[in-house]
Amino acid sequence: MKKVLLVLLAVVMVFALFAACAKNVVEDAIADVVEEVGNAVEEAGDAIEEAIEPDEEVMTLVMATNAEFPPYEYHEGGEIVGIDAEIAAAIAEKLGMELVIEDMAFDSIIAAVQSGKADIGLAGMTVTEDRLKSINFSDSYATGKQVIIVSEDSDIMSADDLEGKTIGVQGSTTGDLYITWDYIDDGLAEIERYNKGVDAVLALMQGKVDAVVIDNEPAKVFVSQNEGLVILETEYVIEEYAAAIAKDNEDLLEKVNAALTDLKESGKLQEIIDKYISAE
Ligand code: ARG
């Protein structure tokens, strides 16, 4: 009887041991599966996150401008639109960057580009020797010309007639520079400098100035929006518009020029210009 009991006990113990072993094996297996599933879920989560929000963020291309210069840059429906805005967007797209437009005073643009606050300045900005001392310019993407706006009944017929008159300009623009050189420095005329071209045009409407010197395309827009104004046939100065880029940013200069070449060759640049300026 004792023997039988012992054998039984032994059998029970073996079973117990076996069961314990089996339990461990099963537990381990479950733990493995749980861990694997956990890893897979985590990996899937990472993949989804990356798809939504890529690890390396898209670089921004910050454009400094003065959005008071239709059709190149102006406000429309809470947005800055125009030729320059679209050219910059097309350049940014080519560079795989995201365009951000910063609106500021015209005479702050060069400083913003120089200091790195902005990567690029696009503002119907004319290439001048003086500006080239502080920044680089890309290849030119458009030509502009300085024209004279007067009221319909004005006795001013050409630039020569500006002598003795009061001339309105947007401060720090080339219109300001040329009038200052040609007339103001020699005491031949008076000048009123405004923050916005449109303010100079309003001053002309109110008789506060006798003429406004400004770039041709904005002149056309302002004259079409206000009664009783005309643009004189004589053009004052022809100029080239280009993008301003910091002198120490040769890399961006090359990329922007390459993008501009592409946009010119593909006809995209002309398409943008034609969208805003109807051929005469
Ligand atoms: N072309 C002129 C210049 O470079 C006027 C440009 C004014 N641009 C502007 N966005 N307000 O001085």
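The structure under discussion appears in the preceding block.
### Digging into the overall build of the chain
Check the secondary structure of the chain and you find nine helices and twelve strands. Computed over its C-alpha atoms, the radius of gyration of the chain comes to 35 Å, more than 25% above the 19 Å expected for a compact globule of 280 residues. If one aligns the C-alpha atoms of the chain with their principal axes, the spans along those axes are about 140 × 35 × 35 Å. Per-residue burial over the chain gives 41% buried out of 280 residues. Considering only contacts within the chain whose residues lie at least 6 apart along the sequence, 73% involve residues at least 24 apart. Of the roughly 16,000 Å² of accessible surface on the chain, 53% is carried by carbon and sulfur atoms.

### As for the site of the ligand
Taken together, 15 residues sit near the ligand, with A123, T126, R131, T174 and D215 positioned nearest. Contact distances for the ligand include 2.8 Å between a nitrogen atom and a side-chain N or O atom of N66. At 2.8 Å from an oxygen atom of the ligand is found a side-chain nitrogen or oxygen belonging to R131. The fraction of the free accessible surface of the ligand (350 Å²) that becomes covered by protein chains is 100%.

### Remarks on unusual backbone geometry
In this model, P70 is joined to P71 through a cis peptide bond whose omega is 5 degrees. Looking at the element boundaries, P71 is found in the loop between β2 (68-69) and β3 (73-76). In the Ramachandran plot, S172 falls in the positive-phi region, its phi being about 70 degrees despite a non-glycine side chain. Turning to its location among the elements, S172 is positioned in the loop between β8 (166-170) and α5 (174-184). In this structure S172 comes out as partly exposed when scored by relative accessible area, which is 31%.

### As for the side chain of T173
Positionally, T173 belongs in the loop between β8 and α5. Classification of T173 by relative accessible area gives buried; the value is 10%. Leaving out residues up to four positions away in the same chain, T173 has contacts with F106 and R131.

### With respect to the pairing of strand β10 (residues 211-215)
With five of five residues buried, β10 is to be regarded as a mostly interior element. For strand β7 (residues 135-151) and β10, the ladder comprises four bridges, and the chain directions are antiparallel. Within the sheet, the bridge partner assigned to Q146 lies in β10 and is D215. The pairing of β8 with β10 spans two bridges and is parallel. Its bridge partner lying in β10, I167 is registered against A211.

### Observations regarding a negative patch on the surface
Together, D28, D32, E35 and E36 line one region of the surface with negative charge. Looking at where E36 falls in the secondary structure, it is placed in helix α1 (residues 2-52).

### Re the sheet that holds strand β4 (residues 79-81)
One open sheet accounts for three strands, arranged β2-β3-β4; its pairing is antiparallel. Of all strands in the sheet, those bounded by a partner on one side alone are β2 and β4. As paired elements, β2 and β3 share two bridges and run antiparallel to each other. Bridged to E68 within β3 is Y74.

### Observations regarding helix α9 (residues 268-276)
Among the residues making up α9, those that are buried are L269, I272 and I273. Each buried residue of α9 lies within a common arc of 95 degrees when the element is viewed along its axis, so the set occupies one face. Buried residues along α9 sit against α2 (83-94), β7 and α8 (250-265).

Criteria and thresholds
Residues numbered from 1 in each chain as written. Predicted model: local features only at pLDDT ≥ 70, side-chain atom pairs only at ≥ 80, totals over all residues. Heavy atoms only, no water. Helix = DSSP H or I, 4+ residues; strand = E, 2+ residues; numbered from the N terminus. Rg over C-alpha atoms; globule rule 2.2 N^0.38 Å. Buried < 20%, exposed > 50% of the residue type's maximum accessible area, 1.4 Å probe, protein only. Contact = heavy atoms within 4.5 Å. Areas by Shrake-Rupley, 256 points an atom, 1.4 Å probe, with all protein chains shown as cover. Near = heavy atom within 4 Å. Polar contact = N/O pair within 3.5 Å; in protein donor to acceptor, adjacent residues only side chain to side chain. Pairing = 2+ DSSP bridges. Patch = residues over 30% accessible without salt bridge, like charges linked within 9 Å, V, L, I, M, F, W, Y side chains within 5 Å. Salt bridge = Lys/Arg side-chain N within 4 Å of Asp/Glu carboxyl O. Lys, Arg positive; Asp, Glu negative; His and termini not counted. Charge placed at Lys NZ, Arg CZ, Asp CG, Glu CD. Arc of directions from axis to C-beta.

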